[in-house]
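Chains, contacts and geometry: an overview
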Amino acid sequence: MAVTGLRIGVVGGSIAGCAMAIAGARAGADVTVHERSDGALQDRGFGIVIPPPLHRELVTAGYLGADMPTTPVATRVWLARAPGRRSARELARQQAPVAPCNWGLLWRALHSNIGGGAYHRGRPVDSVGRTSSGGALIRTADGEREYDIVVGADGHRSVTRELIAPGVRPAPAGYLVWRGTIPADALRDHPEQLDLLETAWVTLGFPGGHGVFYLIPGAEPGSRLLAYAIYASAPAPAGSDGQVSAGYVRHIAEEHFPVEWADVVARGEHTSQALHPVADFVVPRAAEPPFLLAGDAASVTRPHTASGAVKALQDALCLERSLRASSSAAGALRRYADERSAEGARLVALGRRLGRALVEHTPDWPAMGPAEVDALSRAALDGADSYLYGSVQRE
Ligand SMILES: Cc1cc2nc3c(=O)[nH]c(=O)nc-3n(C[C@H](O)[C@H](O)[C@H](O)COP(=O)(O)OP(=O)(O)OC[C@H]3O[C@@H](n4cnc5c(N)ncnc54)[C@H](O)[C@@H]3O)c2cc1C
């Protein structure tokens, strides 16, 4: 019998927070979201890739509207600079369908489906705590509120995690990722690259790292952006900020990329950009009644898995299933923890293997062909599932 009529408080109103709010409301709970920022979260606007079957499931279930734009492609193409030349060489092609989204449009689509749930902006949660009767408390500058369940969807520095898994801290990978977008107009003079990106997402290997490129919908209807994530084991430039990191990405492109790709990255205007030190962690258990962790609050995997938002969305689907299948809030949270704790640990381990193979010990990319790329992929997967390596897993 499903547990209904619960009061659920959600700390954080980003991807995980909005998705968890929808899940709770769909399962009959009264949900309140407390989000620290009072600005529009869509300003973060980067690329997010999700598996097409998850996208379809979220649309069918009503988490996302069918009108949220994506730029689906079915193929992954691996490139590097041709030996001794400045042009690109295709190393391999794999069938790996993805549905790239714009982070801001994804957030907006989720936020618009929260429905009757309350979403309070500009309300940082100072702390969470327990009541004497087994309930949960959220404390803000406005006072205390009591809930049956508190969802920590407050990202990698979660205050909720501090209560149920104190001491879990991110482990640095020792390398960096630059993430950004460039207007697709930058591809105007590069029709071959544009044609490729219409049907494929691209992994571009270079000594000491690699870049990932794909088109995403822009904020303006019909517009598109070229999204990228560039991983490099080179040390961070001193005093890294937006400007310095834009310069460094251009430097890497000019130094290591095939000339056509260097042109796009080095000359194009970067509309959004961020530098992240790569790190990961996972909590031993994703829920301890009456608290539950979702998204980055529960675990952060290295971004090579393209699974942080994916996991947050799957966390929400799991919460809804758990609430519908349990006769108590505590039972639902135990069911959730049994399923989601293992997934967080699996993704962290996979992210580490991919990071080692693709950044820490970069192969001699130009010397590789389809067989070598498949062997590298299979070795890094080590039997794990990843939608980014579709056809490799089926062989
Ligand atoms: C380079 C890179 C590429 C990536 N690519 C992909 C990809 O392709 N696919 C994918 O699935 N994932 C990807 N990810 C991961 C993905 O971006 C994150 O996992 C996801 O956005 C996390 O969402 P979240 O809601 O859990 O956390 P966040 O987005 O960090 O949200 C946490 C929210 O909580 C709020 N908050 C924090 N503290 C408080 C408080 N005390 N009170 C109230 N509110 C609070 C914050 O303001 C924020 O809005 C990538 C990550 C990186 C770095």
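Residues numbered from 1 in each chain as written. Predicted model: local features only at pLDDT ≥ 70, side-chain atom pairs only at ≥ 80, totals over all residues. Heavy atoms only, no water.

The name given to the protein in an unreviewed UniProt entry is FAD-dependent monooxygenase, and the organism recorded there is Streptomyces pulveraceus.

Moving on: the overall build of the protein. Looking only at helices and strands, the protein has 11 helices and 18 strands in total. Relative to the globule expectation of 21 Å for 395 residues, the C-alpha radius of gyration of the protein, 21 Å, shows essentially globular dimensions. Principal-axis analysis of the C-alpha atoms gives the protein an extent of 70 × 40 × 40 Å. Buried positions account for 56% of the 395 residues belonging to the protein. Counting only contacts in the protein whose residues sit at least 6 apart along the sequence, the fraction spanning at least 24 positions is 72%. Carbon and sulfur atoms make up 51% of the accessible area of the protein, which totals about 15,900 Å². Computed over 39 positive and 41 negative side-chain charges, the separation of the two mean positions in the protein equals 3 Å. (Helix = DSSP H or I, 4+ residues; strand = E, 2+ residues; numbered from the N terminus. Rg over C-alpha atoms; globule rule 2.2 N^0.38 Å. Buried < 20%, exposed > 50% of the residue type's maximum accessible area, 1.4 Å probe, protein only. Contact = heavy atoms within 4.5 Å. Areas by Shrake-Rupley, 256 points an atom, 1.4 Å probe, with all protein chains shown as cover. Lys, Arg positive; Asp, Glu negative; His and termini not counted. Charge placed at Lys NZ, Arg CZ, Asp CG, Glu CD.)

Next up on the list: the sheet that holds strand β2 (residues 30-34). Within the open sheet, the six strands sit side by side as β6-β2-β1-β10-β17-β16. Their pairing is mixed. Two strands in the sheet have a free side with no partner beyond their single neighbour: β6 (118-120) and β16 (287-288). Across three bridges, the pairing between strand β10 (residues 149-152) and strand β17 (residues 291-293) is parallel. Paired with Val150 across the two strands is Phe291, which belongs to β17. Helix-sheet contacts for helix α1 (residues 15-26) involve β1 (7-11), β2, β6, β10 and β17, and the interaxial angle to β2 is about 170°. (Pairing = 2+ DSSP bridges. Axes fitted to C-alpha atoms, helices over the stretch in contact; angles between N-to-C directions.)

Right, let's talk about helix α5 (residues 191-199) for a bit. Of the residues making up α5, those classed as buried are Gln193, Leu196 and Leu197. For α5, the arc enclosing every buried residue in end-on projection is 95°, short of the 170-degree limit, so these residues lie on one face. Exposed residues lying more than 90 degrees from the buried face of α5 are Pro191 and Asp195. The secondary structure elements touched by the buried residues of α5 are β4 (73-81), β5 (88-102), β12 (200-206), β13 (209-217), β14 (224-232) and α7 (259-267). (Arc of directions from axis to C-beta.)

This part covers the pattern of salt bridges. All told, the structure shown has 17 salt bridges when counted by the stated rule. A salt bridge links Asp280 to Arg352; the shortest N-O distance between them is 2.7 Å. Linking Asp280 in strand β15 (residues 272-282) with Arg352 in helix α9 (residues 329-360), this pair joins segments that are 72 residues apart in sequence. Looking at Arg352, the relative accessible area reads 31%, which means it is partly exposed. The partner of Arg302 in a salt bridge is Glu360, with the nearest N and O atoms 2.8 Å apart. (Salt bridge = Lys/Arg side-chain N within 4 Å of Asp/Glu carboxyl O.)

Here the focus is unusual backbone geometry. A negative phi angle characterises most non-glycine residues, just as the trans form characterises most peptide bonds. Each neighbour pair has its own omega, and for Pro289 with Pro290 the value is 5°, a cis peptide bond. Locating Pro290 in the fold gives a position in the loop between β16 and β17. Within the chain, Ala306 stands out as a residue other than glycine whose phi angle is a positive 45°. Note on placement: Ala306 falls in the loop between β18 (299-300) and α8 (308-325). Look at Ala306 and you get partly exposed, because its relative accessible area is 24%. Backbone geometry places Asp382, a non-glycine residue, at a positive phi of 50°. Here Asp382 lies in the loop between α10 (370-381) and α11 (390-394).

Moving on, we get to the pairing of β1. Within a regular strand, the side chains alternate between the two sheet faces. With respect to burial, β1 is a largely interior element, four of its five residues being buried. Relative to β2, β1 runs parallel, the two being bridged by five bridges. Counted as the bridge partner of Val11 is His34 from β2. With α1 bridging β1 and the parallel β2, this β-α-β connection has right-handed handedness. (Right-handed = clockwise from strand over helix to strand, strands pointing away.)

Note: interface size is frequently given as the accessible area lost on complex formation between the parts. What the domain assignment reports for the protein is domain 1 (7-42 + 104-170 + 280-351) and domain 2 (73-102 + 173-278 + 357-394). Centre-to-centre separation of domain 1 and domain 2, based on C-alpha positions: 31 Å. Contact residues are listed per partner, giving 12 residues for domain 1 and 19 residues for domain 2. Together, the buried faces of domain 1 and domain 2 total about 1,200 Å²; carbon and sulfur atoms form 57% of this surface. Linking domain 1 to domain 2 there are one salt bridge. Across the contact surface, domain 1 and domain 2 share eight residue pairs in polar contact (both at pLDDT 80 or more). Of all the elements in the fold, those that place two or more residues in the side of domain 1 that touches domain 2 are α3 (103-111) and α9. Looking at side-chain class alone, the side of domain 1 that touches domain 2 contains six nonpolar, four polar and two charged residues. (Domains from an automatic or database assignment. Buried area = accessible area lost by both parts, 1.4 Å probe. Polar contact = N/O pair within 3.5 Å; in protein donor to acceptor, adjacent residues only side chain to side chain. Nonpolar A, V, L, I, M, F, W, Y, C, P; charged D, E, K, R; others polar.)

A turn of α-helix holds 3.6 residues, and therefore any two residues three or four places apart point the same way. Between its first and last C-alpha, α10 extends 16 Å over 12 residues, near the 16 Å set by a 1.5 Å rise per residue. For α10, every residue scored as buried is listed here: Val373, Asp374, Leu376, Ser377, Ala380 and Leu381. Down the axis, α10 shows its buried residues gathered within 160° of arc, on one side only. Facing away from the buried side of α10, by more than 90 degrees, are the exposed residues Ala371 and Ala379. (Expected span 1.5 Å × (residues − 1).)

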